[in-house]
Each structure stands twice: as C-alpha cells, then as structure tokens.
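Residue-level listing of the chains:
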Amino acid sequence: MLRSISSLDDLSGKRVILRCDFNVPLDSGEIVDDGRIRAALPTIRHLIDSGARVIACSHLGRPDGEVKPEYSLAPVAQRLEELLGQPVIFASDTIGSQAKAASKVLEDGGVALLENLRFSPLETSKDSAERAEFAKQLSELGDVLVSDGFGVVHRKQASVYELAELLPSYAGLLVEREVEVLQSLTANPQRPYAVVLGGSKVSDKLAVIENLLPRVDKLLVGGGMVFTLLAAKGHDVASSLLEADQIDTVKGFFAQAESLGVEIVLPSDIVVASGFSKDAEHEVVAADQIASSKFGSAGIGLDIGPESAKVFASVIAASKTVFWNGPMGVFEFENFSHGTRAVAQALTAMDGLSVVGGGDSASAVRALGFSEEAFGHISTGGGASLEYLEGKALPGLEVLDD
Ligand code: ADP
Ligand code: MG
C-alpha cells in the first residue's frame, strides 16, 4: 500500500515539496495542452487546504542537463496561477538562491514552482551518488515530499527516487488514482483484453511487447513502431520510421505470440506521404506495398489506412478491456489523424473498461475533440503505465510503499 497524503491533514507550517509531471506540450512558449497541470490540481488544492507551503517541481522536455530557456517552466507557473486563482511564486532555479528564497517566504497555503529539474544533469544522472547529491540539496527546501508525477515514477531519478528516501514521502492523489486503475487492469482484467500500441518512441515500446504478450488476448500495433514490425514480416517500408536493429527481436515476438495463441493485429493498409509535413501529398497503399506507392523509396507511412482503422475499431468493440498507448499516426496533421480518431472513437463506444495512457495520446484525444468523460480513464503517463502493465516494479512507487 502506498503511503497516502489522505493521512496528512494538518500541514500548517510544513514545507511540502510536490513532485509533479508538468511536462506539457509547448509551441513557441505557448502551452498546447494543459491536461497534466489540471491533473495535479486536486493534490495541490488538498495541500493548500491542509495549510501546507507547497514547493512544486517538475521536468519539462529533454534539455539534457543544460539551461535551455525554451524548456523553462515559467509558462507553467503562469497557467498554474490562473487555474488555482492564487499567486504562484516562480523560482528561476532549483537548488539555488531563488529556490531557497521562495521556500523561505512561502506562507501557509502558498504555492511556489521551481525551474525545470532537468536543467541539472544530476537529476537524471546514471550515477546514483550524483543523484543523491542533487536530492540532498532539494531536500533542504522542504520537510515532506509528495510524489505526484505519475509520468516519471518508472524512472530512477533524483526527485522521484532518492529524494523520496531522504524525506518523509507520500503518494499524491493523482498517483493514487493512476495506480488504482492500473491495478484493476492487471489484477483481473475482463476478457477479451486488447492492448493498442503506437506512437514514436519505437525502441521503448518494442521492448514492452515481450512482457505484454503473456497478459493480453490481442495486441494491435500502429503508429511509427509498426514499420519495424512490417519490416520483420519482410516488407519494404521505404522511408518510414524504422529500427532495423530491432528486426530480429521483433521476429522473436511473432514466434512468442504464436505459441501463446495471442493475435498481433497489424494494419493491412497505410497512408503513405511524400514527406513529413501537414500538406504532404499522400495515398493509401497495402501495408506490404509501401515502397510501391507513387513516392517510391521516399514515401513515409504517416497513418494506418481506412481499412485497418475499421478492423482496429471492430477488435476494440469486441473487447471488454482495452489499454491504448500511442497515436496511430501523426495526428497533429489533420490528414494523418484518421486512424487515431477511429481508435479513440472505438474506445469511447466500447462496452467495458477503456484506458488511454501517454502524454501525446491524451493530448490527441483532447485535440480531436473527445470528451475525457467518454473514457474509463486517461492516464498521464505512457511509459509508466506500460511498465506497470508489464508487471515491472516502478522505483518511484516502490519507494512510497510500506
Ligand atoms: P505517447 O506520448 O502517447 O506515449 P509517443 O510519445 O510515443 O506517444 O508518440 C507520439 C508521437 O508519435 C506523436 O507526436 C505522433 O506524431 C507520432 N507518430 C505517430 N505515428 C507516426 C508515424 N507513422 N511516423 C512518425 N511519427 C508518428
Ligand atoms: Mg510522448
């Protein structure tokens, strides 16, 4: 059982470091989707109401341990202020003089936000001593840690893991809710149980297939990762996203699926484009004919085709439990958003538990105009929820467990 913040009621005078996942999509400094900020509000409000002095912190993007202004959390501080309807002090560093000053001037019920944790290379260092050093400095800003950044609980990072060992630490309301839903998916999922995978983090996601196969009835694959699977079937995928060094591993997955009696459902048709842009010329071809599109070897698969979308939707409709992570295509471009829309639509219409996981998948659902209420649950974490479903121990959760 995770230690819960529900057990903390009077926090007056206490400085609470709140690890959030404010890794929101930005477009030239503008927040494109504030879903992750809104997901943190119940915990923040709970802490404010308990009289805590809240020092929120997060990462944003991958600034690779350097101060890069385009990854500043300043726009998040501003949005948080609007959503909370109270001032948020923004510290322009994490363990420096600004952060220390903010932690000192906060009053009961006040909120501050630190700058991007990943501006320091120590946050994500492979060296545990370096992470411990950063965590030590962070710990001086607070008395208690509340861990609510579900999207990072699968990472052994300073603010997620080492800091939770140094301070009395508790799971926030968001982490609690996420774990509750994922637990119901793993413990005893209603069958048929289908997992739909897509998106662009190809190697990360290929690796999960092996661990998911023994748990599911069907695995549907689209998005950027599908081309490595199609290549493993012997098809030429032209200029589509491909991890050639994973092909042998993928062949192993096919063999494993067959021996387990699990069906891996691949698209039968693909929308192939002349290039990676919103108005690129495009045509639908059979999934084994990608290199024979009119763009030849320059063609890039940017979405699953309409026939595949129909098949995916009908498999989803016949399932009682579906977990979906990763868009089926480049949904940010209207022309290549249809496969993602069809899958999202099918999830909203199915009879049973539908769970969407992943930052971009959650954004896609909102950007395409679906109501969040139409899904069983929208998880803020893609990698974290996948690893949970694979049965892996997540360091950021283990450290909060008695
Ligand atoms: P999530 O955040 O939901 O886990 P990912 O980060 O893995 O998902 O992937 C999301 C991205 O995948 C989107 O930005 C989308 O444009 C991209 N994507 C989907 N299909 C393709 C494709 N065929 N080629 C390139 N990129 C793709
Ligand atoms: Mg993503």
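Preceding block: the structure.
Nothing here was measured: the structure is a model prediction, and the numbers come from that model.

Next up on the list: the overall build of the protein. Looking only at helices and strands, the protein has 14 helices and 17 strands in total. Relative to a compact globule of 402 residues, whose C-alpha radius of gyration would be 21 Å, the protein shows 22 Å and is just as compact. Viewed in the frame of its principal axes, the protein has a C-alpha envelope of about 65 × 45 × 40 Å. Put simply, the protein has 402 residues, and 56% of those count as buried. Considering only residue pairs separated by 6 or more positions, the protein has 73% of its internal contacts joining residues 24 or more positions apart. Carbon and sulfur atoms make up 48% of the accessible area of the protein, which totals about 16300 Å².

The pairing of strands in a sheet comes from backbone hydrogen bonds and takes either a parallel or an antiparallel form. Strand order in the open sheet formed by 3 strands is β13-β12-β14, with antiparallel pairing between adjacent strands. Strands at the two margins of the open sheet, each flanked by one partner only, are β13 (282–286) and β14 (300–304). On average, each strand axis in the sheet is tilted by 40° relative to the strand beside it, whichever way the strands run. Relative to β13, strand β12 (residues 269–273) runs antiparallel, the two sharing 5 bridges. Paired with Val-272 across the two strands is Glu-283, which belongs to β13. Most of the contacts of helix α10 (residues 306–317) go to β14, to which it runs at about 40°, and overall it touches β12, β13 and β14.

Another aspect to go through is a positive patch on the surface. The grouping of Arg-62, Lys-126, Arg-155 and Lys-201 at the surface amounts to a positive patch. The residue Arg-155 is located in the loop between β7 (144–147) and α5 (158–166) in this model. Relative accessible area serves as the criterion here: at 30%, Arg-155 is assigned to the partly exposed category.

What follows is about the sheet that holds strand β17 (residues 377–379). Here 6 strands make up an open sheet; going across it, the order is β11-β10-β9-β15-β16-β17 and the pairing parallel. Two strands in the sheet have a free side with no partner beyond their single neighbour: β11 (263–265) and β17. Sheet twist, expressed as the mean angle between neighbouring strand axes with direction ignored, is 15°. One ladder, built from 4 bridges, connects strand β9 (residues 193–197) with strand β10 (residues 218–221); its direction is parallel.

With that out of the way, let us pick up the pattern of salt bridges. In this structure the tally under the stated criterion is 20 salt bridges. Linking Glu-82 and Arg-79 is a salt bridge whose minimum nitrogen-to-oxygen distance equals 3.5 Å. Of this pair, Glu-82 and Arg-79 both sit in helix α2 (residues 74–84), separated by 3 residues, roughly a single helical turn. Among the residues examined, Glu-82 registers a relative accessible area of 53% and is labelled exposed. Since its relative accessible area comes to 22%, Arg-79 is described here as partly exposed. Each of the salt bridges in this network shares a partner with another, and the network as a whole consists of Asp-33, Asp-34, Arg-38, Arg-79, Glu-82, Arg-366 and Glu-372.

This brings us to the packing of aromatic side chains. If you walk through the whole model with that rule in mind, you get 2 aromatic pairs. Seen in terms of ring centroids, Phe-276 and Phe-333 are 5.5 Å apart; in terms of plane orientation they differ by 65°. Their pairing is edge-to-face. Within this pair, whereas Phe-276 is found in the loop between β12 and β13, its partner Phe-333 is found in the loop between β15 (321–325) and α11 (338–349), the two being separated by 57 residues in sequence. Relative accessible area serves as the criterion here: at 18%, Phe-333 is assigned to the buried category. Pairing Phe-370 with Phe-375 gives two aromatic rings, centres 6.2 Å apart and planes at 70°, and the pair type is edge-to-face. Residues Phe-370 and Phe-375 agree in their burial class; the two are buried.

With that out of the way, let us pick up the side chain of Arg-36. Position of Arg-36 relative to the elements: it lies in helix α1 (residues 35–49). Overall, the relative accessible area of 15% leaves Arg-36 in the buried class. In terms of polar contacts, Arg-36 uses its side chain to reach the backbone carbonyl oxygen of Asn-23, at 2.9 Å. Apart from the residues lying within four places of it in its own chain, the contact partners of Arg-36 are Asp-21, Phe-22, Asn-23, Val-24, Gly-359, Thr-380 and Gly-381.

Definitions and cut-offs
- Residues numbered from 1 in each chain as written.
- Chains lettered and ligands numbered in written order.
- Predicted model: local features only at pLDDT ≥ 70, side-chain atom pairs only at ≥ 80, totals over all residues.
- Heavy atoms only, no water.
- Helix = DSSP H or I, 4+ residues; strand = E, 2+ residues; numbered from the N terminus.
- Rg over C-alpha atoms; globule rule 2.2 N^0.38 Å.
- Buried < 20%, exposed > 50% of the residue type's maximum accessible area, 1.4 Å probe, protein only.
- Contact = heavy atoms within 4.5 Å.
- Areas by Shrake-Rupley, 256 points an atom, 1.4 Å probe, with all protein chains shown as cover.
- Pairing = 2+ DSSP bridges.
- Axes fitted to C-alpha atoms, helices over the stretch in contact; angles between N-to-C directions.
- Patch = residues over 30% accessible without salt bridge, like charges linked within 9 Å, V, L, I, M, F, W, Y side chains within 5 Å.
- Salt bridge = Lys/Arg side-chain N within 4 Å of Asp/Glu carboxyl O.
- Lys, Arg positive; Asp, Glu negative; His and termini not counted.
- Charge placed at Lys NZ, Arg CZ, Asp CG, Glu CD.
- Phe/Tyr/Trp six-rings, centres within 6.5 Å; stacked < 30°, edge-to-face > 60°.
- Polar contact = N/O pair within 3.5 Å; in protein donor to acceptor, adjacent residues only side chain to side chain.

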